[in-house]
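# Structure assessment
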Amino acid sequence: MSDKKVAEAAEPQKGYTYEKDLKYGMHGEDVKALQTALAEKGYKCTPSGDFDMDTVKAVRKLQQAKRLPQNGIFGKTDAKALLG
């Protein structure tokens, strides 16, 4: 993922989209972009690039707040809720 996409994730109004489901144990720039966006929205999450238990908890809190299934997996519906 390019630096531009990471920067866009920190600014959800620019329309960053996630291309795959993200879940516990995954690593990389997509995860870091998610963590950055969660932190920007006020969820307790450190942008490390590792989808750890803190990220699972933040995703579940987002899912709960948006009345989505609370499975801790960040998919397209969750992305719309976070970035919309």
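Everything here concerns the structure above.
Since this is a predicted model, take the numbers as computed values, not measurements. (Residues numbered from 1 in each chain as written. Predicted model: local features only at pLDDT ≥ 70, side-chain atom pairs only at ≥ 80, totals over all residues. Heavy atoms only, no water.)

## Details of unusual backbone geometry
Unlike most non-glycine residues, Arg67 shows phi in positive territory, near 60 degrees. Note that Arg67 resides in the loop between α3 (53-65) and α4 (76-83). The exposed category is assigned to Arg67, whose relative accessible area is 79%. (Helix = DSSP H or I, 4+ residues; strand = E, 2+ residues; numbered from the N terminus. Buried < 20%, exposed > 50% of the residue type's maximum accessible area, 1.4 Å probe, protein only.)

## Observations regarding the environment of Phe74
Looking at the secondary structure, you find Phe74 in the loop between α3 and α4. Each C-alpha atom, one on Phe74 and one on Val31, is 9.6 Å from the other, the two residues being 43 residues apart in sequence. Those residues in contact with Phe74 that lie beyond four places of it in its chain are Tyr18, Lys20, Asp21, Leu22, Leu34, Val59, Leu62, Ala79 and Leu82. (Contact = heavy atoms within 4.5 Å.)

## Section: the pattern of salt bridges
For the coordinates displayed, the defined rule picks out one salt bridge. Lys20 is paired through a salt bridge with Asp30; the nearest N and O atoms lie 3.9 Å apart. Pair noted here: Lys20 is in the loop between α1 (3-10) and α2 (29-40) and Asp30 is in helix α2, with a separation of ten residues, a long-range link. On the basis of relative accessible area, Asp30 is assigned to the partly exposed category, the value being 24%. (Salt bridge = Lys/Arg side-chain N within 4 Å of Asp/Glu carboxyl O.)

## Quick notes on the nonpolar core
Among soluble globular proteins, nonpolar side chains are generally buried collectively. Membership of the largest hydrophobic core comes to 18 residues, with the highest contact counts inside it found for Tyr18, Leu22, Leu34, Leu38, Phe51, Phe74 and Leu82. Contributing elements (two or more residues each) for this core: α2, α3 and α4. Considering each element in turn, this core owes the most residues, five residues, to α2. Not counting residues up to four positions away in its chain, the partners in contact with Leu22 are Asp30, Val31, Leu34, Phe51, Gly72, Ile73 and Phe74. (Core = buried A, V, L, I, M, F, W, Y, C linked by side-chain atoms within 4.5 Å.)

## What about α2?
The first and last C-alpha atoms of α2 sit 16 Å apart over twelve residues, in line with the 16 Å expected at 1.5 Å per residue. Positive backbone phi, approximately 95 degrees, marks Gly42, located one or two places after α2. (Expected span 1.5 Å × (residues − 1).)

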